[in-house]
Amino acid sequence: MKRFRRHGHESQRDRLKQELYQFSKTVEHGFPHQPSALGYSPSLQLLAIGTRSGAIKLYGTPGVEFMGLHDENAAVTQVHFMPHQADMVTLLDDNSLHMWTLRRHKGLSELLEIGRFMLMGPPGAPPSVTRVTAVLPHSSGELLLLGTEGGHVFVVEVPGFRELEERNISLDQVSNSVPVDYIGRRNLEHVEALQENPTNPSQVVIGYGRGLMVIWDLENQCAIQHIPATQQLESMWWTEDGSYILSSHSDGSYCRWRVGGQEETEEEEEKEKSDIPYGHFPCKAITKIVQLPTEEGPPFLLFSGGMPRASYGDRHCITVIHSKTHVALDFTSRIIDFFVIRDGLEQTGDPSVLLVLVEEELVVIDLQTEGWPVIQTPYLVPLHSSAITCSQHVSAIPLKLWERIIAVGELQKTHYSKKPWPITGGQNLGPDPPQRDLLLTGHEDGTVRFWDASGVCLYPLYKLSTAAVFHTDADPNDNLNQSAEGEWPPFRKVGCFDPYSDDPRLGIQKIHLCKYSGYLTVAGTAGQILVLELNDEAAEQTVEAKVVDLLQGQEGFRWKGHTQLDVREEPVLFPPGFQPFTLVQCQPPAVVTALNLHSEWKLVAFGTSHGFGLYDYQQKNNVLIKCTLNPSDQLALEGPLSRVKSIKKSLRQSFRRIRRSRVSLRKHHVTNSSKLQEANARLEAELAEMELAPVQRKIEARSSDDSFTGLVRTLYFADTFLSDSSHNTPSLWAGTNGGCVFAYMLRVPAVEHRADEPVTAQPAKEIQLMHRAPVVGVVVLDGHGAPLPEPLEVAHDLARSPDMQGSHHLVVISEEQFKVFTLPKVSSKMKLKLTAVDGSRVRRVGVAWFGSNCKEDYSESGLIFLTNQGDVHVVSLPHVKMQVQYPCIRREDVSGIASCVFTKHGQGFYLISPSEFERFSLSTRFVVEPRCLVEVPLHLDSSNPHRAEPGGATSAHRTTQHSEDAEVLQEIQKSLEGDQTSFLENNVKHAVA
């Protein structure tokens, strides 16, 4: 009967777990790492970015996002949308072509790979014969033209990737038609570019690396015109009226060539044919050129590169010329590609927006507003414009604070264009976010950025800079966007990616925002702690610095690390936003490793590798200073810039640990093989009869001589019972790297006397964990076993008052185990071992609430933690029992594990690259993921129902039959999944004409 009840209880608990917990990686925020290709569909109004890791990402209107990953670990070199369809072709650097489609499933669109293809030459042919260098999706939507390194052009039917051998254009066919007097006819080199005639789809121009361009008739299989350029070809552009072809070259020149063989006068030829915009000295190649007409006035000319090699060869520029306006847009990272969006549904109006993908960001320029301002991007924002050093997530921001942050943020965006975001494809079908969430990121340059993390798009709201408080090398009068009058080339700096910090000591290491009071505290690399308050108006004030000596005058210690930052003594004008009103400077100026703010008590606690302190920011007084430094810990005095000197000591300590482990193993080593066999037999018999607890490995106690034992890992405020079980009191808890927990009772005067009477602190408890494992978290549970609410949370009626009748418990989370103590006696009650069971160690921990997806009114609190193995776990409270475990981050991804931050509702963020956060969820109720639909507009082809296709066919039926095509594509996908190799062999023939 007991066993039946136990199993019944277990099955009920399992059902409850399914209602509470579900792991999923939901969306990636930020800018793709190492982008390598760009594509755009004017008909779908979708943007595609391919990366060097083989990822493909699609973006539409904010909230519309798709991601795919090629199976091959190869870079995406080209992305092309098929005209007027929801299909896309990618080319990888392993020479494989892949077909993707957006297919509707249960009311939402999915990005699926439906085919792959690789050109194969005849036996014995060199790989260059079929190495694809140029891809042209034909306007019919049914053909791909593939130019190769061997100079051939292959014609492939899509979506089935069937090669049309009879329509291939071989190098011999082209060579035989080249005029005898053309220099270099014997070696045309690779196909550099392919372009279709905008007015006649049966004509394409083939551009060869040596410079020759050939206009080819696809229908009659013959050359129509030869354009004998002599410079190395980089790119081509066929003007909209079909009358000219523009070519750009490796020497920084571009040429205009009349199509149709009309005779030009010598004067016209000299004037129009060739130009080196930034000559006369040698220039770099113009890698891409575009010319677009306007309804009234001259056309827009845009090209990338072409800078004078000696003077500005290191610049990454796109030149825009329109009428008398000539600007060289200067980017801070390498240009991948660019395109122009035009007005009108058919994208045939005036140029509206220039979109540029560079290596570290996406920059969008408004071409219709005077001055060509930048448009703020709602996604793909470079999180790493300065390297991210820390982050904090704040859930359920009150509306008033939210509106104030947005208002001060808007004042920083006055230089942006008012034009709406131009990428508008798809529909965002996701529900409105249930609450307003903030993600705060600290950066190496001393800035803190505020992001709207409520939904799929991580949108920038406001940027705080702390550099103005200190003297730095930066000149506040510097304005990078202003170019000198008459400067040539006419540079204009664009983009926000700026990885260079004026001073590494400015780096933000810890952030704590109180969402109820509007107070913010940030701590930095050189021991500086700033307390800031949100102000809607600009204010000029002096920031008073309070020095805290954490060594407390101990002799014989000399700090070998960096010096502190110099605080400005004169008043500083701070813009509207968070403004600092007090500063605490730790001595020695070591990295701040722990920080906590209690805005109700007006206290801030901080810790470094030398100790911790408590500061009253209302009275601007030190309340408590505690040195935790081990006298033998010289490494803690060196700082991060002197670590190399201590490598010998670290190695010695590592070898000592190994020797201790070996000695322990030798003592227990069984040398007699018969005894070992007997022991194994007995063990097997015992296992058959009883259930054993998990095998626990022996954990070596850490030596008190280990480095950084005094480093403060966590600080925690609690109103709980420390002296006796009838009187609760404010308290501060500090956990160190050496497994020690310090507890201090605080006397905080009543509100009416708070400004006059001092806050006092006295030591109350000290706990030393047996194995000296680093303490990474401390939580106090009330009488109901629930974590204590945040400061001011109860006052704002957003949490129930903690239960002060039942006994409180203290949960100490070390790297190795979870241990529960009773309060006020601090006697051990229960524990959950981690390292002894599976060898993993706790790296990140947080308190979260999990709501049931079946019962609206049911929720549980728990501890989420991340281990050094990259697994996320949930532990129940108050009984600290393991609930679920999921693999989340690769164990080798140390920086990803170190960057992880949890939310209060069971979600998390971690850096998958310097520029991207991966968002994940452990909750069934709180999940933020893209839910979007992309439909092919049916009107696209109706405007030109008889558009000629090569061979005389028409394509009016292509879009209207897309649903039938999707079924065919589905069959193709099934075939690919069933037997991909045989499918390709049976349906694709490879040959060279």
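As annotated in an unreviewed UniProt entry, the protein carries the name LLGL scribble cell polarity complex component 2 and is attributed to Kryptolebias marmoratus. What UniProt records for the protein under Sequence similarities (unreviewed entry) is the sentence "Belongs to the WD repeat L(2)GL family." We quote the UniProt Subcellular location (unreviewed entry) comment for the protein here in full: "Cytoplasm".

Caption draft 1: Fine view of the overall build of the protein. Within the protein one finds eleven helices and 61 strands. Counting over 993 residues, the protein shows a buried share of 54%.

Caption draft 2: Molecular detail of the side chain of Glu 361. Within the fold, Glu 361 resides in strand β28 (residues 361-366). Look at Glu 361: it is buried, it has no salt bridge, and the nearest opposite charge is Lys 493 at 9.4 Å. A distance of 3.1 Å separates a polar side-chain atom of Glu 361 from the backbone nitrogen of Phe 497. For Glu 361, the residues in contact, after removing those within four places along its chain, are Phe 31, Thr 332, Val 356, Pro 382, Gly 495, Cys 496 and Phe 497.

Caption draft 3: Fine view of the environment of Thr 447. Within the secondary structure, Thr 447 sits in strand β32 (residues 447-452). Classification of Thr 447 as buried rests on a relative accessible area of 4%. Residue contacts for Thr 447: discarding those within four places in its chain leaves Thr 441, Gly 442, Lys 463, Leu 464, Ser 465 and Ile 508. A distance of 2.7 Å separates a polar atom in the side chain of Thr 447 from a polar atom in the side chain of Asp 445. Within polar-contact distance, the side chain of Thr 447 engages the side chain of Arg 449 at 2.7 Å.

Caption draft 4: Seen up close, the UniProt feature "repeat: WD" (unreviewed entry) in the protein. Here, UniProt's "repeat: WD" (unreviewed entry) annotation points to residues 434-452. Helix makes up 0% of residues 434-452 and strand 63%. Its end C-alpha atoms lie 13 Å apart.

Caption draft 5: Highlighting the sheet that holds strand β25 (residues 325-331). If you walk across this open sheet you meet the five strands as β22-β23-β24-β25-β34, and the pairing is mixed. Each edge of the open sheet carries a strand with a single partner, namely β22 (286-292) and β34 (491-493). Strand-to-strand twist across the sheet, computed as the mean angle between neighbouring axes with direction ignored, equals 20°. Here strand β23 (residues 300-305) pairs with strand β24 (residues 316-322) via five bridges, running antiparallel. Across the sheet, residue Phe 300 finds its bridge partner in β24, namely His 322.

Caption draft 6: Quick look at the pairing of strand β57 (residues 882-887). As defined by bridge partners, strand β56 (residues 871-876) adjoins β57 across five bridges and the pair is classed as antiparallel. When the sheet's bridge partners are listed, His 873 is paired in β57 with Gln 885. Where β56 folds back onto β57 in an antiparallel hairpin, the turn is made up of five residues, including Val 880, whose phi is positive at roughly 40°.

Caption draft 7: Examining the pairing of strand β2 (residues 35-41) more closely. Within β2, seven of the seven residues are buried, which leaves the element mostly enclosed by the surrounding structure. Two elements, β2 and strand β3 (residues 46-51), share six bridges in a ladder whose sense is antiparallel. Bridge assignment links Leu 38 to a residue of β3, and that residue is Ile 49.

Caption draft 8: Broad picture of the nonpolar core. Ranked by internal contacts, the top residues of the largest apolar core, which has 34 residues, are Trp 733, Leu 810, Val 811, Phe 818 and Leu 863. Residue contributions to this core peak at six residues, all from strand β50 (residues 775-781). With 33 residues, the next largest nonpolar core counts Ile 405, Ala 467, Val 567 and Leu 583 among its residues.

Caption draft 9: Expanded view of the confidence of the model for the protein. Averaged over every residue, the pLDDT of the protein is 86; the share at 70 or more is 83%. Across residues 641-649, confidence stays below pLDDT 50; counting only partners more than four residues off in sequence or on other chains, it has ten contacts. Low confidence marks residues 683-693, where pLDDT is under 50. Its contacts with residues over four positions away, or in another chain, come to one contact.

Caption draft 10: Summary view of the environment of Val 875. Along the polypeptide, Val 875 turns up in strand β56. Residue class for Val 875 comes out buried when judged on its relative accessible area of 0%. Sequence spacing of Val 875 and Phe 865 is ten residues, and the spatial spacing of their C-alpha atoms is 8.1 Å. Once residues lying within four places of it in the same chain are set aside, the contact partners of Val 875 are Phe 818, Leu 832, Gly 862, Leu 863, Phe 865, Val 880, Lys 881, Met 882 and Gln 883.

Caption draft 11: Representation of the packing of aromatic side chains. Across all of its chains, the model carries 25 aromatic pairs by this definition. Ring centres of Phe 902 and Phe 920 lie 6.3 Å apart, and the angle between their planes is 85°; on these two criteria the pair is classed as edge-to-face. Taken together, the positions of Phe 902 in strand β58 (residues 901-902) and Phe 920 in strand β60 (residues 916-923) put the pair 18 residues apart, joining distant regions of the chain. The exposure class of Phe 920 is buried, given its relative accessible area of 0%. Here the aromatic cluster, defined as three or more aromatic residues joined through ring pairs, consists of Phe 23, Tyr 886, Phe 902, Tyr 910 and Phe 920. The ring of Tyr 244 has Arg 256 sitting right over it, with the charged end atom 4.4 Å from the ring centre.

Caption draft 12: Examining the side chain of Gln 883 more closely. Checked against the element boundaries, Gln 883 lands in strand β57. Separated by 3.4 Å, the side chains of Gln 883 and Ser 876 make a polar contact. Other than its neighbours up to four places away in sequence, Gln 883 contacts Arg 13, Lys 17, Tyr 21, Val 874, Val 875 and Ser 876.

Caption draft 13: Seen up close, the pattern of salt bridges. On inspection of all chains with the given rule, the structure shows 24 salt bridges. The shortest N-O distance in the salt bridge between Arg 342 and Glu 240 comes to 2.4 Å. Of this pair, Arg 342 sits in strand β26 (residues 335-342) while Glu 240 sits in the loop between β18 (233-238) and β19 (244-249), and the two are 102 residues apart along the sequence. Two residues, Glu 815 and Arg 713, come together in a salt bridge whose shortest N-O distance is 3.5 Å. Remark: Arg 713 occurs in strand β46 (residues 712-721) and Glu 815 occurs in the loop between β51 (809-814) and β52 (817-822); sequence separation between them is 102 residues. Residue class for Arg 713 comes out partly exposed when judged on its relative accessible area of 27%.

Caption draft 14: Structural detail: the environment of Leu 212. For Leu 212, the position within the fold is in strand β16 (residues 212-217). By relative accessible area, which is 1% here, Leu 212 ends up buried. Residues Leu 212 and His 226, spaced 14 residues apart in sequence, show a C-alpha to C-alpha distance of 7.2 Å. Contacts of Leu 212, omitting those with residues within four sequence positions, involve Val 178, Tyr 182, Leu 188, Ile 206, Gly 207, His 226, Ile 227, Pro 228 and Ala 229.

Caption draft 15: Spatial organisation of the sheet that holds strand β6 (residues 76-81). The sheet built from four strands is open, its strands ordered β6-β7-β8-β9 with antiparallel pairing. Bordering the open sheet on either side are β6 and β9 (108-117), each of which pairs with just one other strand. Here the average twist between neighbouring strands, direction ignored, is 25°. Pairing geometry for strand β7 (residues 87-92) and strand β8 (residues 97-105), over five bridges, is antiparallel. Looking across to β8, one finds that Met 88 is bridged to Trp 100.

Caption draft 16: Helix α5 (residues 399-411), seen in detail. Here α5 spans 19 Å end to end across 13 residues, near enough to the 18 Å set by a 1.5 Å rise per residue. By the burial criterion, the buried members of α5 are Leu 401, Trp 402, Ile 405, Val 408 and Gly 409. What you see down the axis of α5 is that its buried residues fit within an arc of 135°, all on one side. Projecting away from the buried face of α5 at angles above 90 degrees are the exposed residues Lys 400 and Leu 411. Those residues of α5 that are buried are in contact with β31 (438-443), β32, β33 (459-465), β37 (528-535) and β41 (577-587).

So, how was this worked out
Residues numbered from 1 in each chain as written. Predicted model: local features only at pLDDT ≥ 70, side-chain atom pairs only at ≥ 80, totals over all residues. Heavy atoms only, no water. UniProt positions renumbered as here; feature names shortened; annotations may be inferred. Helix = DSSP H or I, 4+ residues; strand = E, 2+ residues; numbered from the N terminus. Buried < 20%, exposed > 50% of the residue type's maximum accessible area, 1.4 Å probe, protein only. Lys, Arg positive; Asp, Glu negative; His and termini not counted. Salt bridge = Lys/Arg side-chain N within 4 Å of Asp/Glu carboxyl O. Polar contact = N/O pair within 3.5 Å; in protein donor to acceptor, adjacent residues only side chain to side chain. Contact = heavy atoms within 4.5 Å. Pairing = 2+ DSSP bridges. Axes fitted to C-alpha atoms, helices over the stretch in contact; angles between N-to-C directions. Core = buried A, V, L, I, M, F, W, Y, C linked by side-chain atoms within 4.5 Å. pLDDT = per-residue confidence, 0-100. Phe/Tyr/Trp six-rings, centres within 6.5 Å; stacked < 30°, edge-to-face > 60°. Lys NZ or Arg CZ within 6 Å of the ring centre and 35° of its normal. Expected span 1.5 Å × (residues − 1). Arc of directions from axis to C-beta.

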